[in-house]
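If you want the building blocks of each chain, they are given just below.
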Amino acid sequence: MKKMFHVGSSALLLLLTLQFASWTQACVSPETKCDFVCDCTHDCSDELDCGYRGKEFECDFEDAGRCGWTDDSLSSQYLWERRQRGSSLPESGPSSDYTTGTATGWFMGVTSVKSESQHTAVLTSPEIKESSATCRLRLRYFLWDSGRSGFGSAPLWASILRQDSPEIVVWRPEASSVRGWREANIFLGRNPSRFQIRLQSRRSEGQKGDVAIDQLEFLNCALPLPKSCAEGMVTCGNEGCVEPRQVCDGTDDCGDGTDEMNCELKGYQRCDFEEDLCNWDLRSLSPLKWVRTNQKDISVSDPMQGPGRDHSNNSASGHFLYVTVPEPGLTTDWAAFQSPSLQPTNSTHPCKMVMYTHQFGPRSGGLTVLVADREITPVWERGGSLGDVWVKAEVEIVTDLTFQILIMAAVRDFAYGGIAVDSIVLSPECRRSTLNNTLEKFPKPPNDPCTEPDKMCDFHEDCAAAEDEAKCGDFSQAEGSSGWTDSSIGSQRWVLHENSTHKDDEYLYVVEAPGQQLTAAQTRTPLLGPSGPACSLSFDFALTGNPAHIGDLSVKVIDSLLGERPALWEFSGKTGTDEESWQHAEILVGIRKHRFQLAFEAHARKLCPCAKMIKVRNVHFTGCHVSYLPFSPTGLSCNFEDGMCGWMQDNSDSFDWTMFSGMDHTIKVGTSLVVDMWSPSLRGAVGRLISFPYPAGSTDYCLSFFYKLYGPNTGVLNVKLMHNGGSETLLWTRSGAHGNTWHEAHCSVPHQLTDFQLVFEAIRSGFDGRLAIDDVVFLEGSCTVPRICSFEGQQCGYESSGQVRWLHHSGFTSTNGPKSDHTLETPLGFYMMVNSGATVLPSGGTTVLTSSVRQGTTKTECVSFWYHMGGEDPGSLSVFMKPVKGDRVKIFSNSLDQGDVWRHGNGNISSGLVDWQLEFEVVGAGGKDTHVAIDDILLSTHPCEDRGSRCSLETGVCSWSNTQNVDMDELDWELTSPEAEQHYSIPVEDHTLGTEKGHFLFLPSSNRTEANEKARLLSPHLPPTKGTCLKFWAYKPLSSDNKLNLWRLSEGRLHQLVLEDELGGSWTRFDVDITSDEEYQIVFEGVKGTSGVVALDDIEYTIGIDCSKKVTDVQTSGKSSNTGGIAASVIVVLLLIATLIALLVYYLRTKNRAQATSGPSSSSAGGGFSNDTYESQDRVAFPQTQNHPVAAGFNDIPDYAEVTEMA
């Protein structure tokens, strides 16, 4: 019975397989493949690898097949390749792909090239059957000249290759360098036979990935499908449907040409300029003339010249009329041509003209149609540049006199571009006349501009009666509404409703248009600005009618250098049913460094001729002049609870900082400014906050703030000083994991001779973390001494004295010092260094690096630092705590050359209430080419743990550190607590305290970065050992596919100690014996999977004692001197006794006075916030530790304190 069932099942499976094969053969054939129609309705397999995939006709290059695109470059020196960003922020190319916005996403980018001659990289699509007249390819492209070698004239363009005609250019973006993805539309148009698309780049020098593309979308490319046509529609020969206005309009809208058949027999006069001028007259009073030409005659080598193709045949050999700047130069900025004389018309039978215009590049100033009877009257205009596309225009002419049609172009003197006209069609009502009219008067020429062009519409009145600001788009000006120019190329457009008696009744509204492209209606201002930080746009809008969804409305900025920017504001749906259902909007335009245009874009789902469904009125600009700065009562000091104070978004960057509620430093539940690197909508590399300009002066300033850098793959936070000329100086920087807590930073700002601005800059080098700032204070005077100093940007107030100066160096600037710093582990990082060789610092000579004075405290504090001693006999390094009064106390000393490595040192400081300074003293030993360097000084508010060997992670990571060496790992271990966590899934309690307040290190998984990326946590360098015990606790849930490796690193080689895949879902203890004949480091390596987390807590190692508590190594005295600690303790006792006596006397004297003056006290912080606002909120009080079921001796947990730092 089972055998029969098995045979039956096999037969059924075979039958289904054969049936599926027959279905596939039926729907996939050469005639139906790659025609933008899913004939295989179940999976659209007939449209697979056609330059796109699936029913959405998209390609994101995530599949290795690249949707069928192939590299057909002309040489091996310059190619297209499928690429990812990589594990670190690249020096060239995109910071991520566009589709996913992460390091794991794929895109197509060019290889690097360096050659004396130009090379062309060619990316070719598969063969596509045909496309409709409305077909366009929307894509995201990247153009960044990272090497500053120059783009040349054609770093990127698109062309179409057909078997029956020469290659034609269809898209040429502005060759401006922007480090970010931009969006563009390539209008492919009607291609009646099989064709391929080519994306090309031509350069002689450039970096890898600096030209890239991603996220291709083919839109409206299919021909009309056979169906029953609605009433009023025209049926095509292929049973598709078109509108009556598309018949005999010069475009094959049906796809089989039947809508353009027999048009001459119907009385239409058509001219495609293929044979001659068709009685159009190119003679003109202007010395600038239109010419009949084609792209082959203009240029076949320079893709930036000419329209690239005609409209009539969509080919490079097709003819059109064209005007541009002539070779000798521009002497007159207009050119015109005219029709023959035509008979009078009337409103019931108007003369209708259809034409197609190509207005490309900055040379295109606009196009106007005029009617010349007894006077010359403008009847239609289209301004500016519309892109690399042929755009349909319809003009109706009604006049009771014999007339001519004049077509006039305005040409601007710029580098490239021009204006073309093709496929002019006159309706049967446009009848030839044998009569000629005599002009009674010519129109008055326009007045010369009252000021230079860059001062027109700059939000400042430079001319009498504010003539220069009269037509700039602000409805409060008498002619302001006329400043908006329709730039639509599709089936909808904007129209101005004017009312000469009631100006308040003026508004812009959307109507049907003749354009064949299915794009949004757009209207633009003239070039405006530049603008200041307070610039805002306000307007009323209405989307009204009976349908549930009327359409969409948005506001965009079109930057003269950066191009079209993302939408500033968007609305979708409806405001009401009644036509007067207006709503009000106010939008911050902000600072714009370049001239720009504002644009309203709208698209109605379905327009009704009987109603004005999308309208805009009362458009006003406020506070837009570049020098206008709004008043801020706190200046640059800001806690962000009531806005951004004196800070603003940089609109030339890639992304914005966001106001985030529920995680701030001030009140814990308030607002801070945040960049979420894990946000799926984030794109680009840089987000910047810029301060309002600050005046020059002789005063130094201090910028203090609280910040978070949290996550395993966060990025970089910089503070920069922007000078008046635009150059920038780095003042402060932090990168890598800093724990899920707020840190305080102080940044000295030296006095400036010119006005300046400050910049907070977030660099998105990572994709998994959060960066935040809060409680910014900017005050006159020097900064207090920082608790953390990395020497990046500044020296943190440390000064040099003695026989030799300490130098602020980096690996690039130092000749005999460390090749890289400790902070960044790169040659770019800075440190303090002294040359201790005998030729510079003689034997016995001394040099001292001294901190600023710190305020004394009764608590014992720990100073830790990293030092580098190179060469034979480098001298001795000693660290002292020097009270303001009294003898200094040694807390650390070392005199050995310990190789080309950074080593960790620390010492306890017990100063009592006496102010003190930190001194790093080097004594020369007569060595040759030797040095001593210091980096990453940290002063913690708790005593040092024993050589860093026991670390509960409650006060930080002790002497353990995440490596920043990109060759060793890609991610960081991060410090958090369950109480503070808001994003990651982590253990509900730590091991040390067994509560949600306890801290631990963890590595999460996410799809933001590649699987199998590593995070390595390194111990200090430890001495050779015959047996050292390492104890730690680890956590990994059963659902996690992360891995935990434990290594011993010595002499650059890794030796595996532990590989752990499964931990059972609870905290698990590990005891590991380590033996080594060489100096070594312990390395905890987390390997990221696709889900889950791995965590560490309570790490301890006992040098020279193995896990059976056997002493294995001969114990030697430590390199740190204990006498300093003993002497400091004696000083503390004496100082405490004196202090208690003084306090007792003071208390007795003031007791009665205090009782008489009860009531609340007040304090103020001049120029900033009150002390209450900035009182430290980072201290966590831990309850008395209970015996945890798996406690391992970590019961003595000091209080956690916030950390104050500086560059």
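If you look the chain up in an unreviewed UniProt entry, it shows as Apical endosomal glycoprotein from Stegastes partitus.

### Brief notes about the overall build of the chain
Helix and strand counts for the chain come out as three helices and 67 strands. For the chain, buried positions account for 54% of its 1207 residues. Long-range contacts, defined here as pairs at least 24 residues apart, represent 77% of the contacts in the chain between residues at least 6 apart. Element-wise, carbon and sulfur atoms account for 51% of the exposed surface of the chain, whose accessible area totals about 52900 Å².

### Regarding the side chain of Asp-373
By secondary structure assignment, the location of Asp-373 is in the loop between strand S19 (364-372) and strand S20 (376-383). No salt bridge is formed by the buried Asp-373. Its closest oppositely charged neighbour is Arg-374, at 7.0 Å. Engagement of the side chain of Asp-373 in a polar contact is seen with the side chain of Thr-399, the distance being 3.0 Å.

### A closer look at the packing of aromatic side chains
Evaluation of the coordinates by the stated rule reveals 50 aromatic pairs. Aromatic side chains Trp-678 and Tyr-984 sit 5.6 Å apart centroid to centroid with 90° between the ring planes, which places their arrangement in the edge-to-face category. A residue pair is termed long-range when its members are at least 10 positions apart, and Trp-678 in the loop between strand S37 (671-676) and strand S38 (686-691) and Tyr-984 in the loop between strand S58 (974-976) and strand S59 (1000-1004) qualify at 306 residues. Relative accessible area serves as the criterion here: at 10%, Tyr-984 is assigned to the buried category. Following the ring pairs from residue to residue traces out a cluster consisting of Trp-484, Trp-494, Phe-539, Phe-541, Trp-569, Phe-571 and Phe-600. Between the NZ or CZ atom of Lys-612 and the centre of the ring of Tyr-509, over which it lies, the distance is 4.6 Å. The ring of Tyr-507 has Lys-615 lying over it, and the distance from NZ or CZ to the ring centre is 5.5 Å.

### Side note on the sheet that holds strand S49 (residues 846-850)
Strand order in this open sheet of five strands is S46-S49-S54-S51-S52, and the pairing throughout is antiparallel. A strand with exactly one partner marks an edge of an open sheet, and here the two such strands are strand S46 (799-802) and strand S52 (889-894). Across the sheet, the axes of successive neighbouring strands diverge by a mean angle of 20°, strand direction being ignored. Pairing geometry for strand S51 (residues 876-883) and S52, over five bridges, is antiparallel. In the strand pairing of S52, Leu-877 is matched with Asn-894.

### Details of the nonpolar core
Counting 41 residues, the largest nonpolar core has Ile-213 and Phe-218 as its most contacted members. Looking at this core, the elements that each hand over two or more residues are strand S4 (106-110), strand S5 (113-124), strand S6 (136-143), strand S7 (157-162), strand S8 (165-171), strand S9 (178-187), strand S10 (195-206) and strand S11 (211-219). Discounting chain neighbours no more than four positions away, the residues touching Ile-213 are Phe-61, Trp-80, Phe-107, Met-108, Leu-123, Leu-139, Arg-140, Tyr-141, Trp-181 and Leu-199. Within the second largest apolar cluster, 36 residues are counted, among which are Val-510, Ala-521, Phe-596 and Phe-621.

### Examining the sheet that holds strand S26 (residues 507-512)
Here five strands make up an open sheet; going across it, the order is S25-S26-S34-S28-S32 and the pairing antiparallel. The open sheet has two free edges, formed respectively by strand S25 (492-497) and strand S32 (583-588), since each of these has just one partner strand. Put simply, the sheet's adjacent strands are angled 30° from each other on average, direction ignored. In terms of strand pairing, strand S28 (residues 536-543) meets strand S34 (residues 614-622) through seven bridges, oriented antiparallel. Residue Leu-537 lies in a different strand from S34, and its bridge partner there is Phe-621.

### Thoughts on unusual backbone geometry
The amide bond that connects Gly-529 to the next residue, Pro-530, takes the cis arrangement and shows omega of 5°. Secondary-structure assignment places Pro-530 in the loop between strand S27 (521-524) and S28. Positioned with a positive phi, Cys-67 is a non-glycine residue whose angle comes to about 60°. The exposure class of Cys-67 is buried, given its relative accessible area of 2%. The residue Phe-791 is not glycine, and still its phi comes out positive at about 65°. Topologically, Phe-791 is positioned in the loop between strand S45 (788-789) and S46.

### Some words on the state of the cysteines
Two cysteines joined by a covalent bond between their sulfur atoms form a disulfide. Taken as a whole and judged by the stated rule, the model has 18 disulfides. Residue pairing for Cys-862: its cysteine sulfur links by disulfide to Cys-944, the two sulfurs lying 2.0 Å apart. Linking Cys-862 and Cys-944, the disulfide has an S-S dihedral of approximately 95° and is accordingly described as right-handed. Of this pair, Cys-862 sits in strand S50 (residues 861-870) while Cys-944 sits in the loop between strand S55 (931-940) and strand S56 (950-951); the two residues are 82 residues apart in sequence, bridging distant segments of the chain. A single burial state applies to Cys-862 and to Cys-944, both of which are buried.

### What to know about the side chain of Arg-524
Structurally, Arg-524 can be placed in strand S27. In this structure, Arg-524 is buried with no salt-bridge partner, the nearest side chain bearing the opposite charge being Glu-564 at 5.3 Å. At 3.4 Å, the side chain of Arg-524 forms a polar contact with the side chain of Ser-487. Setting aside its immediate chain neighbours within four residues, Arg-524 contacts Ser-385, Gly-483, Trp-484, Thr-485, Ser-487, Ile-558, Gln-597, Leu-598 and Ala-599.

### Thoughts on the environment of Asp-552
Within the element layout of this structure, Asp-552 appears in strand S29 (residues 551-559). Under the relative-accessibility criterion, Asp-552 is labelled partly exposed at 32%. In this structure the C-alpha to C-alpha distance between Asp-552 and Glu-601, which are 49 residues apart in sequence, comes to 8.1 Å. At a separation of 2.6 Å, a polar atom in the side chain of Asp-552 contacts the side chain of Ser-572.

### Overview of the environment of Thr-438
In this structure, Thr-438 sits in the loop between strand S23 (418-426) and strand S24 (485-486). The spacing of Thr-438 and Thr-402 is 36 residues in sequence and 9.8 Å in space, taken between C-alpha atoms. Setting aside residues up to four positions removed in sequence, Thr-438 forms contacts with Asp-373 and Arg-374.

### Considering the pairing of S8
The buried fraction of S8 amounts to five of the seven residues, a majority that puts the element mostly inside the structure. In the sheet, S7 pairs with S8 via four bridges, with the strands oriented antiparallel. When the bridges of S8 are listed, Ile-160 appears paired with Ile-168. In this antiparallel pair of consecutive strands, S7 and S8, the connection spans two residues.

### Here we look at the pattern of salt bridges
If you walk through the whole model with that rule in mind, you get 40 salt bridges. Between Lys-720 and Glu-728 there is a salt bridge, with its nearest N and O atoms 3.7 Å apart. Linking Arg-903 and Glu-1079 is a salt bridge whose minimum nitrogen-to-oxygen distance equals 2.6 Å. Here Arg-903, found in strand S53 (residues 903-909), pairs with Glu-1079, found in the loop between strand S64 (1068-1076) and strand S65 (1081-1087); they are 176 residues apart in sequence, far enough to count as distant. Shared partners join several salt bridges into a network, and the residues in it are Lys-593, Asp-650, Arg-688, Lys-720, Glu-728 and Glu-761.

### Things to note about the pairing of S7
Counted residue by residue, S7 has five buried out of six residues, so it is predominantly covered. Bridging between S7 and S10 involves six bridges; their strand directions are antiparallel. Looking at S10, one finds that Ala-158 is bridged to Leu-199.

### Describing a negative patch on the surface
Judged by side-chain charge, Asp-504, Asp-505, Asp-578, Glu-579 and Glu-580 come together as a negatively charged surface patch. Relative to the helices and strands, Glu-580 resides in the loop between strand S31 (569-573) and S32.

### Let's talk about the environment of Ala-685
Inspection of the secondary structure assignment puts Ala-685 in the loop between S37 and S38. For the pair Ala-685 and Ser-95, spaced 590 residues apart in the sequence, the C-alpha separation amounts to 5.6 Å. The residues touching Ala-685, leaving out its near neighbours within four places in the chain, are Leu-89, Ser-95, Arg-179, Ser-654, Phe-655, Ala-762, Ile-763 and Arg-764.

### Digging into the confidence of the model for the chain
When the pLDDT values of the chain are averaged, the result is 85; 89% of them are 70 or greater. Residue range residues 1-7 is modelled with pLDDT below 50. Its contacts to residues more than four positions away, or to other chains, number zero contacts. Here residues 13-24 is a poorly scored stretch, pLDDT under 50, and it has one contact once near neighbours within four places are set aside; other chains count.

Cut-offs used in this document
- Residues numbered from 1 in each chain as written.
- Predicted model: local features only at pLDDT ≥ 70, side-chain atom pairs only at ≥ 80, totals over all residues.
- Heavy atoms only, no water.
- Helix = DSSP H or I, 4+ residues; strand = E, 2+ residues; numbered from the N terminus.
- Buried < 20%, exposed > 50% of the residue type's maximum accessible area, 1.4 Å probe, protein only.
- Contact = heavy atoms within 4.5 Å.
- Areas by Shrake-Rupley, 256 points an atom, 1.4 Å probe, with all protein chains shown as cover.
- Lys, Arg positive; Asp, Glu negative; His and termini not counted.
- Salt bridge = Lys/Arg side-chain N within 4 Å of Asp/Glu carboxyl O.
- Polar contact = N/O pair within 3.5 Å; in protein donor to acceptor, adjacent residues only side chain to side chain.
- Phe/Tyr/Trp six-rings, centres within 6.5 Å; stacked < 30°, edge-to-face > 60°.
- Lys NZ or Arg CZ within 6 Å of the ring centre and 35° of its normal.
- Pairing = 2+ DSSP bridges.
- Axes fitted to C-alpha atoms, helices over the stretch in contact; angles between N-to-C directions.
- Core = buried A, V, L, I, M, F, W, Y, C linked by side-chain atoms within 4.5 Å.
- Disulfide = S-S within 2.5 Å.
- Patch = residues over 30% accessible without salt bridge, like charges linked within 9 Å, V, L, I, M, F, W, Y side chains within 5 Å.
- Charge placed at Lys NZ, Arg CZ, Asp CG, Glu CD.
- pLDDT = per-residue confidence, 0-100.

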